[in-house]
Amino acid sequence: GDECQELVRALQETLYRRNTGATALRCLALLAEAETERYGNNATETFAECFNPWHPQFPVPLRRRLELLKDLFAEENSKELRQLAIKAATSGLSRKVFLLHSGSGPEPLDSGPSLTYGQIWDYSDSLVDLFVEASRSGDPDVAGSAGRALPAAIANLTFQGRPEAAIERFEETVNLVLAGDAPV
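Residues numbered from 1 in each chain as written. Predicted model: local features only at pLDDT ≥ 70, side-chain atom pairs only at ≥ 80, totals over all residues. Heavy atoms only, no water.

1. Some details on the overall build of the chain
Here's step 1: For the chain, the helix and strand inventory stands at 8 helices and 0 strands.
Here's step 2: Counting from the amino terminus, the chain carries its helices and strands in the arrangement α-α-α-α-α-α-α-α.
Here's step 3: Taken over C-alpha atoms, the radius of gyration comes to 16 Å for the chain, in line with the 16 Å a tight globule of 184 residues would show.
Here's step 4: Overall, the C-alpha framework of the chain stretches about 55 × 35 × 25 Å when taken along its three principal axes.
Here's step 5: Taken over 184 residues, the chain has a buried fraction of 49%.
Here's step 6: Taking the intrachain contacts of the chain between residues at least 6 apart in sequence as the baseline, contacts between residues at least 24 apart amount to 70%.
Here's step 7: Of the accessible surface of the chain, which amounts to about 9500 Å², a share of 54% is contributed by carbon and sulfur atoms.
Here's step 8: Positive and negative side-chain charges in the chain, numbering 18 and 27 respectively, have mean positions lying 3 Å apart. (Helix = DSSP H or I, 4+ residues; strand = E, 2+ residues; numbered from the N terminus. Rg over C-alpha atoms; globule rule 2.2 N^0.38 Å. Buried < 20%, exposed > 50% of the residue type's maximum accessible area, 1.4 Å probe, protein only. Contact = heavy atoms within 4.5 Å. Areas by Shrake-Rupley, 256 points an atom, 1.4 Å probe, with all protein chains shown as cover. Lys, Arg positive; Asp, Glu negative; His and termini not counted. Charge placed at Lys NZ, Arg CZ, Asp CG, Glu CD.)

2. Quick word on the packing of aromatic side chains
Here's step 1: Applying the stated rule across the entire model yields 4 aromatic pairs.
Here's step 2: Residues Tyr16 and Phe58 carry aromatic rings whose centres are separated by 6.5 Å and whose planes lie at 90° to one another, so their mutual orientation is edge-to-face. With a gap of 42 residues between them, Tyr16 in the loop between helix H1 (2–15) and helix H2 (21–33) and Phe58 in the loop between helix H3 (43–49) and helix H4 (62–73) connect regions that are remote in the sequence. In terms of burial, Tyr16 and Phe58 fall into one category: buried.
Here's step 3: Following the ring pairs from residue to residue traces out a cluster consisting of Trp54, Tyr117 and Trp121.
Here's step 4: Its guanidinium or amino end placed over the ring of Phe159, Arg95 lies 4.0 Å from that ring's centre, counting from NZ or CZ. (Phe/Tyr/Trp six-rings, centres within 6.5 Å; stacked < 30°, edge-to-face > 60°. Lys NZ or Arg CZ within 6 Å of the ring centre and 35° of its normal.)

3. Digging into the side chain of Asn156
Here's step 1: Here Asn156 lies in helix H7 (residues 140–159).
Here's step 2: Among the polar contacts made by the side chain of Asn156, one reaches the main-chain carbonyl oxygen of Leu93 at a distance of 3.3 Å.
Here's step 3: Excluding residues within four positions of it along the chain, Asn156 makes contact with Leu93, Ser94 and Arg95. (Polar contact = N/O pair within 3.5 Å; in protein donor to acceptor, adjacent residues only side chain to side chain.)

If you want it as structure tokens, here you go:
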């Protein structure tokens, strides 16, 4: 309810700052894990959008974002956290617009890190790897969600400017599906 929304707003003040962004993101994941709200700027949506490499305000480097996603995808985590990781990885590959946050403190919010296309492409490839791995999960709900998201994730590699990588991933996925190793 209102308390959860206030916590999300408070976390946003630390989320878009270089020194506290990664910790705030982990806190947001815990809040999103138990969330039942469905409005657009809830903990889940705020968390997921931070994994998009094009986010203009989230200052955490891509490798740190990827480390957190790998942690969330771990089998020992709850199904809700692993589903949240799938949503975040999906956001990481999407072509969406962002709401800019103005902040309410005395200092301006930080901006995203300087990135090269190569770094973004490597990050995108790693996100697709996470989908492939999650599609082989022992939990059928997690495997199914990842498998359903995998074709769009591969298509987004093409839109990110990596058609060769997308074709290679598509061929790998087809082979997994034909072998019965991925529920796509």
